[in-house]
Amino acid sequence: MKTVEMPKMGDTMVEGKILHWLKHEGDPVKKGESLAEVETDKVNIEIEAFASGVLRKILVPEGNSAPVGSGIALIGAPDEPLPEGMGGNGSAKVPVSTPVDLAKGEKTPAAAAQKPGQLLREETGPAYLQGAPQQAGVQPAPSPIGEERIFISPIARRLAEEHQLDYTRIHGTGPNGRIIKMDIDAALAQMQAVPAAPVAPQPEAAPVAPPAPEPVQVPAPELAPAPIETGEAVEIPLTTMRRTIARRLGQSWQVAPHFYVTSVIDTGKLADLRRQINEYAEKDPAPVKVSFNDLVIKAVALALLRMPQVNVSFAEDRLIQKKQVHIGMAVALEQGLIVPVLHNVDRQGILDIARESHRLAEAARTGKLRPEDLSGGTFTISNLGMFDVDSFTAVINPPESAILAVGSITPTPVVVDGQVVVRDRMKVTLSSDHRAIDGATAARFLQEVKRLLEEPFGLLL
């Protein structure tokens, strides 16, 4: 009997809510088939079965929530007995997260050592704990071939199968080690870079249709809870997103000692570059309009590449310096704030950044963000310039160690060569975690961002 766990789909996810079961008890299930639609703090997504068999028991009914890593269903053979204590309504007298002796319905010796929230992946198969060492007293059984759980998105699987690529050898960069399309594209690019051995000419094969685009689950927007009238006030219950914002930013403010450095940037040359790029982009087969924020994203990515000591996370006894540059882009929604992530920004051109930022912003507003769109960020940019905000300070988005707050571009009287002239200026403020970043380091980083934006043609190199 195998336990289906609530997967972790995003850095901030601690629990998920079952919206709909797509399979019912007694239905046959194939590995990779969608089992249920789950609501997280950011998106709704379908979770897949990691093994084939029959859906024997649903442990978390629709409308209920479960912590990440806890059991939500059981998959097994049609005639395989359920653990004793299972109720007819899907409830269990003995929690599914506790190892059970199937013959007696008693806890195994491993249960005493098991910490709350830990879960054996299989009740009668390999006995190991997620994120924990093997427990004493439990002998692991050899895993059948093909039963190892592999996290891979549907489009990544189709693309790998289309190119006859063994995706079991690929290390996933998505949440929970999930293999995403970006990983398959990288593997294919690496294969193409290696010259193939000469082979005898073969008859020309019929053209193969490209893989179908990944179907995206469009979640219904979270309904705002009804306000409660209480005499002289109105109580507004928190949405899932608002609870997450409160928890994460409250934690950041209390734990990370923030400090701030501010700089004023002359955007005259930046505006000229943006105008030239947009004139060029209009002739592109897939035209896109580049924003000032796209140029700021590129400048920050290059600055992080040159000063990796800012691209870090604090981990109590060490600093984790990230090799990749993944920029989070704060997007304001009616429900709250969400931060989709642009991956490997340092390797992308400005038009590519503009296309991806537009896609992410639109997906955030329409509820079409994927789990990989919300994970892996190493630095965040929050821009309130469009709201005519001169300057502000932002709260760091953990586990990152810095965030850049961008204000509006404002005509400002300045002295140039002894003369008062009007120039377009933009204030930016860097919030840093003093546990990981020193003041001088933050100042030099902001100085590099300022240099890149005031002499912006370096962004094209």
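Treat the numbers as computed from the prediction; the structure is a model and nothing was measured.

### Focus: helix α4 (residues 240-255)
Along its 16 residues, α4 runs 22 Å from first to last C-alpha, staying within 8% of the 22 Å computed at 1.5 Å per residue. Looking at the packing, one finds that the buried side of α4 touches β4 (34-39), β13 (258-266) and β18 (337-338).

### Thoughts on unusual backbone geometry
Note on backbone geometry: most residues besides glycine have negative phi, and most peptide bonds are trans. In this chain, P398 is followed by P399 through a cis amide linkage whose omega measures 10 degrees. By the element assignment, P399 lies in the loop between β20 (379-383) and β21 (402-416). Although it is not a glycine, E316 sits at a positive phi angle of roughly 60 degrees. A relative accessible area of 67% places E316 in the exposed class. The backbone of D388 sits at a positive phi, close to 60 degrees, despite the residue not being glycine. By secondary structure assignment, the location of D388 is in the loop between β20 and β21.

### Describing the confidence of the model for the protein chain
Here the protein chain averages 79 in pLDDT, and 77% of its residues register 70 or above. Per-element mean pLDDT across the protein chain ranges from 37 in strand β9 (residues 100-101) up to 98 in helix α8 (residues 439-454). Within the model, pLDDT remains below 50 along residues 87-147, and this stretch shows 95 contacts once partners closer than five positions in the same chain are excluded. Across residues 194-221 the pLDDT falls below 50, and counting only partners more than four positions away or on other chains, this stretch makes 24 contacts in the model.

### With respect to the sheet that holds strand β1 (residues 2-5)
Strand order in the open sheet made by the four strands is β1-β8-β6-β3, with antiparallel pairing throughout. On the outer flanks of this sheet lie β1 and β3 (28-29), each paired with one strand and no other. As defined by bridge partners, β3 adjoins strand β6 (residues 53-58) across two bridges and the pair is classed as antiparallel. Looking at β6, one finds that P28 is bridged to V54.

### Observations regarding the packing of aromatic side chains
Counted according to the given criterion, the structure contains one aromatic pair. With centroids separated by 5.7 Å and ring planes inclined at 50 degrees, the aromatic side chains of F379 and F445 adopt a geometry described as tilted. Residue F379 is found in strand β20, and its partner F445 is found in helix α8; the two are separated by 66 residues along the sequence.

### Describing the pairing of β20
The buried count for β20 comes to five of five residues, which makes it a mostly enclosed element. The two faces of β20 match: F379, I381 and N383 on one face and T380 and S382 on the other face are all buried. With three bridges joining them, strand β16 (residues 327-329) and β20 adopt parallel strand pairing. Its bridge partner being in β20, G328 is matched across the sheet by T380.

### Some details on the side chain of S432
Position of S432 among the secondary structure elements: in strand β22 (residues 419-433). Taking the relative accessible area as the measure of exposure, S432 reaches 0% and is therefore buried. Residues in contact with S432, not counting those within four places in the same chain, are P257, H258, F259, I396, S401, A402, I437 and A442.

### A word on the pairing of β21
Across four bridges, the pairing between β20 and β21 is parallel. What sits directly across from N383, in β21, is V406. Here β21 pairs with β22 via 13 bridges, running antiparallel. The residue bridging V415 from the neighbouring strand is V420, located in β22. Linking two consecutive strands that pair antiparallel, namely β21 and β22, is a turn of two residues; a positive phi of about 55 degrees is found at D417 within it.

Cut-offs and rules
- Residues numbered from 1 in each chain as written.
- Predicted model: local features only at pLDDT ≥ 70, side-chain atom pairs only at ≥ 80, totals over all residues.
- Heavy atoms only, no water.
- Helix = DSSP H or I, 4+ residues; strand = E, 2+ residues; numbered from the N terminus.
- Expected span 1.5 Å × (residues − 1).
- Contact = heavy atoms within 4.5 Å.
- Buried < 20%, exposed > 50% of the residue type's maximum accessible area, 1.4 Å probe, protein only.
- pLDDT = per-residue confidence, 0-100.
- Pairing = 2+ DSSP bridges.
- Phe/Tyr/Trp six-rings, centres within 6.5 Å; stacked < 30°, edge-to-face > 60°.

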